Amino acid sequence: MLMRYRASQGAPAICQTFKLLGILDVQNIPCARESILYGSLGSLVVGLGHFLATSRVRRSFDFGMGGFVLTTLGCWIYCRYNHAKLRIQQRIIQEGMRNKILYESSDFDPERKQNSDRGSNS
């Protein structure tokens, strides 16, 4: 459980997070909510489509469950890949900003070396 404080009263408010099957914290794990929602939509579309095409209930349910699993995993992998790529880009930008601040106006500044090389070539 999470403890959140109310700004107006100063008393702690207890907020429960939603856990799917008791293990997957949908509120705090990136990509979990979207994957479950798209998976349920995929399940509905595949199961209902198969039922309308064949009128076989049990097989349509099986197709719906397969559609849920495949859609959920597909969305999960795609979203986590993009999330990891974004975190790598953020790390590279932070490192560049840290180096810019660290090396600015020093002898190790790469831009200062480039500017001094251009001035000596002219």
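Residues numbered from 1 in each chain as written. Predicted model: local features only at pLDDT ≥ 70, side-chain atom pairs only at ≥ 80, totals over all residues. Heavy atoms only, no water.

The next point concerns a nonpolar patch on the surface. Taken together, the side chains of Y38, L41, L44, V45, V46 and F63 make up a nonpolar region of the molecular surface, amounting to roughly 570 Å² of accessible area. A per-element tally of the nonpolar patch places helix α1 (residues 32-54) first, with five residues. When you line up the elements, L44 lands in helix α1. (Patch = residues over 30% accessible without salt bridge, like charges linked within 9 Å, V, L, I, M, F, W, Y side chains within 5 Å. Areas by Shrake-Rupley, 256 points an atom, 1.4 Å probe, with all protein chains shown as cover. Salt bridge = Lys/Arg side-chain N within 4 Å of Asp/Glu carboxyl O. Helix = DSSP H or I, 4+ residues; strand = E, 2+ residues; numbered from the N terminus.)

The next subject is the packing of α1 against helix α2 (residues 57-103). One can describe the packing of α1 onto α2 by two numbers: an axis separation of 7 Å at closest approach and a directional angle of 150°. If you check the angle between α1 and α2, you find them roughly antiparallel. Helix-helix and strand crossings are classified by hand; for α1 and α2 the assignment is right-handed. Grouping the amino acids of the contact of α1 with α2 by side-chain chemistry returns eleven nonpolar, 13 polar and one charged. (Axes fitted to C-alpha atoms, helices over the stretch in contact; angles between N-to-C directions. Parallel < 35°, antiparallel > 145°, perpendicular 65-115°, else oblique. Left-handed = near helix turned anticlockwise from the far one by under 90°. Nonpolar A, V, L, I, M, F, W, Y, C, P; charged D, E, K, R; others polar.)

Let's shift gears to the state of the cysteines. Should the sulfur atoms of two cysteines be covalently bonded, the bond is a disulfide. Inspection of every chain in the model, using the stated rule, returns one disulfide. Between C31 and C79 runs a disulfide, and the two sulfur atoms are separated by 2.1 Å. On the sign convention where negative means left-handed, the S-S torsion of about -75° between C31 and C79 marks this disulfide as left-handed. On the criterion of sequence distance, the pair formed by C31 in the loop between β4 (24-25) and α1 and C79 in helix α2 is long-range, its members being 48 residues apart. (Disulfide = S-S within 2.5 Å.)

On to the environment of D62. With respect to the helices, strands and loops of the structure, D62 is situated in helix α2. Spatially, the C-alpha atoms of D62 and S43 are 9.6 Å apart, while their sequence positions differ by 19 residues.

Here the focus is the confidence of the model for the protein. Across the protein, pLDDT averages 80, with 68% of residues at or above 70. Mean pLDDT across the elements of the protein bottoms out in strand β1 (residues 2-5) (48) and peaks in α1 (93). (pLDDT = per-residue confidence, 0-100.)

When the terminal C-alpha atoms of α2 are compared, their 68 Å separation across 47 residues agrees well with the 69 Å that a helix rising 1.5 Å per residue should span. Those residues of α2 that sit buried are S60, G64, G67 and T72. Backbone geometry just after α2 places S105 at a positive phi near 65°. (Expected span 1.5 Å × (residues − 1). Buried < 20%, exposed > 50% of the residue type's maximum accessible area, 1.4 Å probe, protein only.)

Opposite charge on two side chains permits pairing when their charged atoms draw close. Applying the stated rule across the entire model yields one salt bridge. Among the salt bridges present, the one from E95 reaches R98, with a minimum N-O distance of 2.8 Å. Of this pair, E95 and R98 both sit in helix α2, separated by three residues, roughly a single helical turn. Judged by its relative accessible area of 48%, R98 falls in the partly exposed class.

Moving on, we get to α1. When the terminal C-alpha atoms of α1 are compared, their 32 Å separation across 23 residues agrees well with the 33 Å that a helix rising 1.5 Å per residue should span. Taken as a whole, α1 has its buried residues at A32, S35, G39, G42, S43, G47 and H50.

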